[in-house]
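Structural overview for review
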Amino acid sequence: MRGIGTLNLGLLSSDAWDVLAARYRGDRHLLPRVTHIWHVDFPIPPRIFSLFLSPTLRYVALGVDIYDWEAHNARLCEECLETIAAKLPRLHSIFIEAPEFLTQKHLSSILRMKALRDITIKEPDVNSSFLAKLAELEDLRTLTLSINLEDDRGCNKLRGHFQQISDVDLSGSHADLAAFFQATAPPRLRSLELRIEPLPEVHDMLSESLTTIFSNVSNNLTHLRLNFPLVTGEPINSQSLLECVEPAFALRVLKSFAITVLLAPSSRPIDVDVIRMAETWTALETLHLDLRYLLENSPPYLSITTLATLARTRPGLSTLILPPLSLCDLPAVDSLPPPLGHSLQWLKFSIGAYGTQQEGTGDEEILLRTAAYIDGLFPYISLRSASILAKGKD
């Protein structure tokens, strides 16, 4: 066991704890070379947990099953964090996911872990006071949190903080996210993921909040992912995909863009919006569009011919994950475009509509023409990565 580099404590039964405690006592380290503990499942006594805390540890993940949660486990988690802060001065990364019973008070020991570079707290939400204290960790570079700033006045505590941060993944209301970035304006940010929770009555303010966010992040941001909740059944009340994306056009050097969103029905072709993205982000390498619509029976499909426009416009694309395509405009075999030699490696989409078929033309022939069309545009696609789902087909 002394040579194990990673360990999942969630795999150990409660019966094992007493055996370990009886065999290893004092300051002796059970796993002197361990670098990662992937999962600590509560309840686990802190005295047992401390046996695994070798000075070589760089990453610890604390997790609790929300369906197996008891309030007293919050204290156990707090004691484990206190032990980590005392015994692991060189810990680089910590991950915490627990139900709402865990409060910011239980997390206070994190603020003593001065060598932390990467913090992930899935739950609970943290407020501006806790964020201001986290900002005092000078080595911090990556931050994954769910925020609830409570009021705009709390944002004053954040001004001038998080100037060294390079990767941010935040969840919260669009207003709180806008307030966070307006206060911090991190100049070294390179990667940003936002999980935005807009309320139905304030959809009209979403574009304004997004504009505030993107005007206060670094112009050198290269990776952006936008996630809007899909579980509420409330679509984003916009006329087009563009209204959700356009504020991000200020980010001129994006290499990767992804969005997951539930949209209201619209008669506007989404091809225009997708092409606009490609034309704006000239360095784009990855485009991932996960678009859902309230009326699943008649969503607007992307035209198959838009693939040719993307190939011509963005020769540097390596990954395309697109919404359902319509084959209505699929060229005839004798009208297929000449090979472009594009270097795209990964392509994924489903077929939403086959279009009107000529007499004697079956689905198999259409799919073969589609394959020939794609092969001409993107001859270097890896067959392991390509994924095309034919609607209603096996």
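For the structure, see preceding data.
Taking 1.5 Å per residue, 15 residues should reach 21 Å; helix H10 (residues 363–377) reaches 21 Å between its end C-alpha atoms and fits that length. When H10 is considered as a whole, its buried residues turn out to be Asp363, Ile366, Arg369, Thr370, Tyr373, Ile374, Gly376 and Leu377. The buried residues of H10 all sit within an arc of 160 degrees when viewed along its axis, so they share a single face. Residues of H10 that are exposed and point over 90 degrees away from its buried face: Glu364 and Leu368.

This part takes up helix H9 (residues 306–313). Counting buried positions along H9 gives seven out of eight residues, so the element sits mostly inside the fold. For H9, the complete set of buried residues consists of Thr306, Leu307, Ala308, Thr309, Leu310, Ala311 and Thr313. Buried residues along H9 sit against helix H8 (270–280), strand E12 (302–303), strand E13 (319–321), strand E14 (325–326), strand E15 (346–353) and H10.

Of all hydrophobic cores here, the largest spans 110 residues; its most connected members are Leu192, Phe257 and Ile259. Per-element tally for this core: the top contributor is helix H5 (residues 174–184), with six residues. Contacts of leucine 192, omitting those with residues within four sequence positions, involve Val168, Phe181, Ile213, Phe214, Val217, Leu221, His223, Leu224 and Arg225.

Summed over the entire model, instances satisfying the criterion amount to three salt bridges. For the salt bridge of aspartate 169 with arginine 195, the shortest nitrogen-to-oxygen distance reads 2.4 Å. Residue aspartate 169 is located in strand E7 (residues 167–172), and its partner arginine 195 is located in strand E8 (residues 191–196); the two are separated by 26 residues in the primary sequence. The class for aspartate 169 is buried, based on a relative accessible area of 12%. Each of Asp169, Glu193 and Arg195 takes part in a single network of salt bridges with overlapping partners.

Further remarks concern the packing of aromatic side chains. Throughout the structure, instances matching the rule amount to four aromatic pairs. Between phenylalanine 180 and phenylalanine 181, the ring centres sit 5.0 Å apart and the planes meet at 85 degrees, which makes this aromatic pair edge-to-face. When sorted by exposure, phenylalanine 180 lands in the same class as phenylalanine 181, which is buried. Aromatic pair phenylalanine 257 and tryptophan 281: ring centres 4.8 Å apart, planes at 35 degrees, arrangement tilted. Here phenylalanine 257, found in strand E10 (residues 256–263), pairs with tryptophan 281, found in the loop between H8 and strand E11 (286–293); they are 24 residues apart in sequence, far enough to count as distant. You can call phenylalanine 257 buried: its relative accessible area is 0%. Given a relative accessible area of 0%, tryptophan 281 falls into the buried group.

Calculation notes
- Residues numbered from 1 in each chain as written.
- Predicted model: local features only at pLDDT ≥ 70, side-chain atom pairs only at ≥ 80, totals over all residues.
- Heavy atoms only, no water.
- Helix = DSSP H or I, 4+ residues; strand = E, 2+ residues; numbered from the N terminus.
- Expected span 1.5 Å × (residues − 1).
- Buried < 20%, exposed > 50% of the residue type's maximum accessible area, 1.4 Å probe, protein only.
- Arc of directions from axis to C-beta.
- Contact = heavy atoms within 4.5 Å.
- Core = buried A, V, L, I, M, F, W, Y, C linked by side-chain atoms within 4.5 Å.
- Salt bridge = Lys/Arg side-chain N within 4 Å of Asp/Glu carboxyl O.
- Phe/Tyr/Trp six-rings, centres within 6.5 Å; stacked < 30°, edge-to-face > 60°.

Remember, this is a structural readout, not a statement about activity or role.
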